[in-house]
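# Coordinate analysis (summary)
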Amino acid sequence: MLNKKPDDIRDSEITDKHLYLNRRSFMRGAALAATTVGTGLLYRRLNPPPAETPKGEKFSGFAKPTSEAGLGAGFTVNEKLTPLEDIINYNNFYEFSTDKGSVASESKGFLTKPWTVSVEGLVNKPRTFDLDELLSFPLEERVYRLRCVEGWSMVIPWIGFPLARLLEEVEPTEQARYVAFQTLYDPKRMPNQRTGVLDWPYVEGLRLDEAKHPLTILATGLYGETLPPQDGAPIRLVVPWKYGFKSIKSIVKIQLGADEPPATWNIQAPNEYGFYSNVNPNVPHPRWSQARERRIGEFRMRETLMFNGYGEQVAHLYAGMDLKRYF
Amino acid sequence: MKDTRFSKLLLFINGLVPFVLLLWDVYRKQVGANPLEFVTRTTGMLTLIFLMITLALTPVRKITGLYWIVKFRRMVGLYAFFYGTLHLVTYLWFDRFFNLSSIAGDIGQRPFIAIGMTAFFLMVPLAITSTNKMVKRLGGKRWARLHKLVYVAGAGGVIHYWMLVKSDKRLPLTFGFILLLLIGHRLFIKFYPPESQATQTSFIPRE
């Protein structure tokens, strides 16, 4: 009686072969769906698409550069503007994140009110400006190329005023030869300052004649609106003929002095980032060429221009200097 | 996990998920302001991740006794090669437009490019000899020796990444740490073989 089934299992309790196979393919389908979705979510988590950012406040009154005179002075360029979306979602701002795509989301809600900028050092009238005072300088639009030391570039319609105007207010003394700038240091508001990726606070500097040059501005907005946090709110420097990292963001202190001030990237790697850091296609970065650049939004590479195309306006500042040595 | 064929299919499809999502993002223009950089970084990262998983399978098997996972090593390794190829092609095509002199100049100026390419070309013979036929033709011992190159490729990939980062070295350091851990485990086993496995020094895939 080998074929006899045990009495305690009735025929009706044995799972039908058809059902058994069905269950198996159902489990397989479930495993496939679950792991695929899991992998997809993990990928999305590790490699998130760009975030949306809220709009800034509109500026009502600012002067636009007239085309002829503006072009000659370098106040505007005849080149296609980089879309706002790219300008506010592709940022180097290590105080928030070292990932250019994450700065926008990490800096969301950054508080810029109240804000003061103290201007001190070798000046006759040291003074602390609050944001409203800074915004009461006559604002104008400047359309500048921005060339990052990493090899990409943008064209940005800034709103701001010449740094020279601010310096007039404080009257630099005879001894003043350099201007030092400092970014806010507040790890509660700039969370990545808790890491040691750079020496905080971020500092930068210019020679006084560079600082007084009409192209050098303090920007408070772009595309007709106040600066979003990721682009250096509420006030930043813009020096269009130098690599982007010279244009220090979210400034709280400006100090005039007699000696060359420290500069963060220069401290980080003195052989890679010089104090001057003028855009120069002939002086390669030790790890890559600076001869070409990718304009954001363009497919082909562009030739990088000497002084980022502002040679006519600024070359005289460096007459007689060996720019390979003072890179 | 006795159902190897289905498990492999599962792995195959999951390995393609990042690729499909990346294509989808490119198609919808959701790759940020600098698409080339986004695609290059993503494929590079995937290459390193799959390389690390490949290298991790043997130690994990030895530690946990889950013998069956090594059956997936070849496919994971081939995925590392697949994403590595995409990474290289992205660079050659969209960064250099297949311009040979520009590529040669770039290798001279950016040593990390040279190291990355070396690491990639070390993976080529491994991918070619990944079939069962090739294992037989080479003989198990020679095959196993050749495939130690994967450690060199892994180290090359990590150094390549470490050299190109400007200042935030945390991620490349993490990869480096994982790699050292995996190599360390292998050396440890070599010098202090556990008695039960003393005779079995390396695993050669067979089906």
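Our structure's up above, just so we're on the same page.
In short, a report on the structure. Since the model is a prediction, treat every value here as computed from it, not as a measurement. (Residues numbered from 1 in each chain as written. Chains lettered and ligands numbered in written order. Predicted model: local features only at pLDDT ≥ 70, side-chain atom pairs only at ≥ 80, totals over all residues.)

Across its full length, chain B holds nine helices and zero strands. For a compact globule of 207 residues, the expected C-alpha radius of gyration is about 17 Å, and chain B comes in at 18 Å, within 12% of that figure. Its C-alpha atoms give chain B principal-axis dimensions of about 55 × 35 × 35 Å. Expressed as a percentage of the 207 residues in chain B, the buried residues total 25%. (Helix = DSSP H or I, 4+ residues; strand = E, 2+ residues; numbered from the N terminus. Rg over C-alpha atoms; globule rule 2.2 N^0.38 Å. Buried ≥ 20, exposed ≤ 12 C-beta atoms within 10 Å, placed from the backbone.)

Residues and elements named next belong to chain A. Strand order in this open sheet of five strands is β2-β1-β10-β5-β6, and the pairing throughout is mixed. Of all the strands in the sheet, just β2 (127-130) and β6 (203-207) have a single pairing partner and so form its edges. Going from strand to strand, the sheet's axes swing by 15° on average, the running direction of each strand aside. Relative to strand β10 (residues 251-257), strand β1 (residues 116-121) runs parallel, the two sharing four bridges. (Pairing = 2+ DSSP bridges. Axes fitted to C-alpha atoms, helices over the stretch in contact; angles between N-to-C directions.)

Residue and element names in this part refer to chain B. Between its terminal C-alpha atoms helix α5 (residues 111-128) stretches 27 Å, which fits the 26 Å expected from 18 residues at 1.5 Å a residue. Regarding α5, the residues found buried are Ile-113, Ile-115, Gly-116, Ala-119, Met-123 and Leu-126. All buried residues of α5 lie within an arc of 165° about the axis, which places them on one face of the element. Looking at the packing, one finds that the buried side of α5 touches α3 (73-95), α4 (100-109) and α8 (149-164). (Expected span 1.5 Å × (residues − 1). Arc of directions from axis to C-beta. Contact = placed C-beta atoms within 7 Å.)

We now examine the nonpolar core. Judged by nonpolar contacts, the single largest core of 67 residues is most densely connected at Trp-158, Val-179, Phe-181, Leu-218, Ala-219 and Leu-222 of chain A. Considering every element that reaches this core, the biggest residue donor is strand β4 (residues 152-162) of chain A, with six residues. In this structure, Leu-48, Ala-119, Ala-153 and Leu-182 of chain B belong to the second largest nonpolar core, which totals 24 residues. (Core = buried A, V, L, I, M, F, W, Y, C linked by C-beta atoms within 7 Å.)

A few words now on the interface of chain A and chain B. The interface of chain A with chain B comprises 26 residues on the first partner and 19 residues on the second. A total of eight residues in the side of chain A that touches chain B trace back to one element, the largest contributor, which is helix α1 (residues 17-46) of chain A. Class assignment of the residues belonging to the side of chain A that touches chain B gives a composition of 12 nonpolar, 10 polar and four charged. (Nonpolar A, V, L, I, M, F, W, Y, C, P; charged D, E, K, R; others polar.)

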